[in-house]
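# Chains, contacts and geometry: an overview
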Amino acid sequence: QKGKAKLSAVDCSSGGRPMPQSALPGIICALVAASLAPSACAFLASPVSISMPLAGRSAVLAPLVKPALSGISMQLFPLEGMGLSFKWPGGQKGASAGGGKLSGEAKYHQSREQYHLDRIKYHQERAKHHRDQTARIMGGSDRTMSPERGMKRIVFVDLSNTCRSAAAEGMLKQAMQKQGQGDGYTIASRSTGGGMAEWYKPEVARYIEQESTDPRMTSHAIKRGVSLSGIRSQPISREDIESFDLIICMDQQNQRDVMQAADYWGVKSEAKSKLRSLTSFCRGTTASEVPDPYYGGQGGASGQVFEKVLDLLEDGCEGLASDLQQGIA
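Just so it is clear, the structure is predicted and the values come from calculations on it, not from any experiment.

### Let's talk about the overall build of the chain
Looking only at helices and strands, one finds ten helices and eleven strands in the chain. Burial statistics for the chain: of 329 residues in total, 38% are counted as buried. Within the chain, contacts between residues separated by at least 24 positions form 73% of all contacts whose residues are at least 6 apart in sequence. For the chain, the accessible area works out to roughly 18500 Å², and carbon and sulfur atoms hold 53% of it.

### Some details on the packing of helix 4 (residues 164–178) against helix 10 (residues 302–326)
As a packed pair, helix 4 and helix 10 sit with axes 9 Å apart at the nearest point and diverge in direction by 45 degrees. On the basis of the axis angle, helix 4 is oblique to helix 10. Relative to helix 10, helix 4 is oriented so that their crossing is right-handed. Between helix 4 and helix 10, the residues in contact are R164, A167, A168, M171, L172, A175 and M176 and V309, L310, L313, E314, C317, E318, L320, A321 and L324, respectively.

### As for the confidence of the model for the chain
In this model, the chain carries a mean pLDDT of 73, and residues with pLDDT of at least 70 account for 61%. Within the model, pLDDT remains below 50 along residues 1–17, and this stretch shows 36 contacts once partners closer than five positions in the same chain are excluded. Note on residues 36–98: pLDDT is under 50 here. Beyond four places in sequence and across chains, it has 125 contacts.

### As for the packing of aromatic side chains
Counted according to the given criterion, the structure contains four aromatic pairs. Measuring from ring centre to ring centre gives 5.5 Å for W199 and Y200, while their planes differ by 80 degrees; the resulting arrangement is edge-to-face. Accessibility classification places W199 together with Y200 in one group, the buried group. Centroid distance W199 to W265: 6.1 Å. Interplanar angle 85 degrees. Geometry classified as edge-to-face. One end of the pair, W199, is in the loop between strand 9 (186–191) and helix 5 (202–205); the other, W265, is in helix 8 (residues 252–265), and 66 residues separate them in sequence. W265 carries the same exposure label as W199, and that label is buried. If you follow R153 out to its NZ or CZ, it ends over the ring of F244, 4.8 Å from the centre.

### A look at the packing of helix 6 (residues 215–222) against helix 10
Interaxial distance between helix 6 and helix 10 falls to 10 Å at its minimum, and their mutual angle equals 60 degrees. Judged on the interaxial angle alone, helix 10 and helix 6 are oblique. Between helix 6 and helix 10 lies a crossing of right-handed hand. Residues R216, M217, H220 and A221 of helix 6 form the contact with helix 10, whose own contacting residues are S302, G303, F306, E307, V309 and L310. For the contact of helix 6 with helix 10, the class distribution of residues is five nonpolar, three polar and two charged.

### What about the pattern of salt bridges?
This model, assessed by the stated rule, comprises 13 salt bridges. Across the salt bridge formed by R164 and D251, the nearest N and O atoms sit 3.0 Å from each other. Of this pair, R164 sits in helix 4 while D251 sits in the loop between strand 10 (246–249) and helix 8, and the two are 87 residues apart along the sequence. Taking the relative accessible area as the measure of exposure, R164 reaches 2% and is therefore buried. Residue D240 is joined to R190 by a salt bridge in which the shortest nitrogen-to-oxygen separation is 2.9 Å.

### Let's talk about helix 10
Every α-helical turn comprises 3.6 residues, leaving residues that sit three or four positions apart pointing alike. The end-to-end C-alpha distance of helix 10, which contains 25 residues, comes to 36 Å, matching closely the 36 Å that a straight helix rising 1.5 Å per residue would cover. One or two steps after helix 10, the chain reaches G327, where phi turns positive at roughly 75 degrees.

What counts, and where the lines are drawn
- Residues numbered from 1 in each chain as written.
- Predicted model: local features only at pLDDT ≥ 70, side-chain atom pairs only at ≥ 80, totals over all residues.
- Heavy atoms only, no water.
- Helix = DSSP H or I, 4+ residues; strand = E, 2+ residues; numbered from the N terminus.
- Buried < 20%, exposed > 50% of the residue type's maximum accessible area, 1.4 Å probe, protein only.
- Contact = heavy atoms within 4.5 Å.
- Areas by Shrake-Rupley, 256 points an atom, 1.4 Å probe, with all protein chains shown as cover.
- Axes fitted to C-alpha atoms, helices over the stretch in contact; angles between N-to-C directions.
- Parallel < 35°, antiparallel > 145°, perpendicular 65-115°, else oblique.
- Left-handed = near helix turned anticlockwise from the far one by under 90°.
- pLDDT = per-residue confidence, 0-100.
- Phe/Tyr/Trp six-rings, centres within 6.5 Å; stacked < 30°, edge-to-face > 60°.
- Lys NZ or Arg CZ within 6 Å of the ring centre and 35° of its normal.
- Nonpolar A, V, L, I, M, F, W, Y, C, P; charged D, E, K, R; others polar.
- Salt bridge = Lys/Arg side-chain N within 4 Å of Asp/Glu carboxyl O.
- Expected span 1.5 Å × (residues − 1).

Following this line, the structure appears as structure tokens:
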């Protein structure tokens with residue numbers, strides 16, 4: 001009848017005895033299921049011999065294909081695991097259990113491999129784009145420069161990140177540019193929470209607002225050719241401790257605060273190995289700390305205090321830049 005095929009199963013090793021009927025349903029189901037997948041098929045233009053192991057014997061299933069069935073197709077891959085082998089007209093072997101991969105299948109996987117490699121390249125380019133945009137918004141592309149290891153990454157830390165550490169960031173950038181080695185370095189600044197208790201805990205840190213640099217420090221720094229525009233305060237994080245090579249504090253209390261936070265985050269030993277005091281890089285002073293100029297000092301001589309702080313920052317940053325150039329920082 002049109003649209004149907006007769007199937008005969010003959011046991012080739014037992015003198016033509018019929019194959020057990022219990023094996024036929026599975027074979028028929030496999031053939032029917034295979035015929036429903038035309039996207040990976042070979043059309044049956046002529047009879048196809050299909051052999052399979054059956055209780056140690058070799059059985060042959062010979063479909064009698066009528067012209068009306070020329071549109072029926074068979075998919076190869078689902079039948080490989082059943083131990084079937086196919087022999088197409090002309091002697092070409094289409095697939096066999098335990099044999100090599102089909103050329104069509106190999107080409108498919110090669111194309112998928114290339115597709116994913118192209119996607120990786122695309123996402124790397126997009127990641128760089130968004131990193132650059134973040135840097136632009138934060139004020140200066142060198143504020144979050146390339147994070148590849150081997151490039152020096154320095155972060156300055158003080159209480160609020162609005163005076164000393166912000167000015168140190170600007171000072172070191174200027175010093176590095178003077179020495180012709182500004183490229184390849186990440187220079188940033190952070191706070192220790194601006195005096196907020198337990199600032200390093202996530203539930204507290206979310207309430208710390210970003211602030212612009214103190215206008216008094218900005219005006220004194222610009223007289224020395226140092227721009228602090230675009231720098232906004234933010235607290236140091238666990239990620240900063242893990243990614244920066246040097247964590248340079250302005251005073252001993254800053255160091256204690258960083259260590260307390262690092263202990264909470266579980267990176268105490270790493271923080272300890274990276275902590276430095278800015279004054280340890282100074283060449284022209286024996287001061288042990290950079291004082292906080294926020295309150296202007298005794299007698300309200302605010303200008304003098306800011307200038308003194310900038311003198312210390314300039315001395316320390318020039319010494320640090322020299323050490324970085326020599327690779328001894």
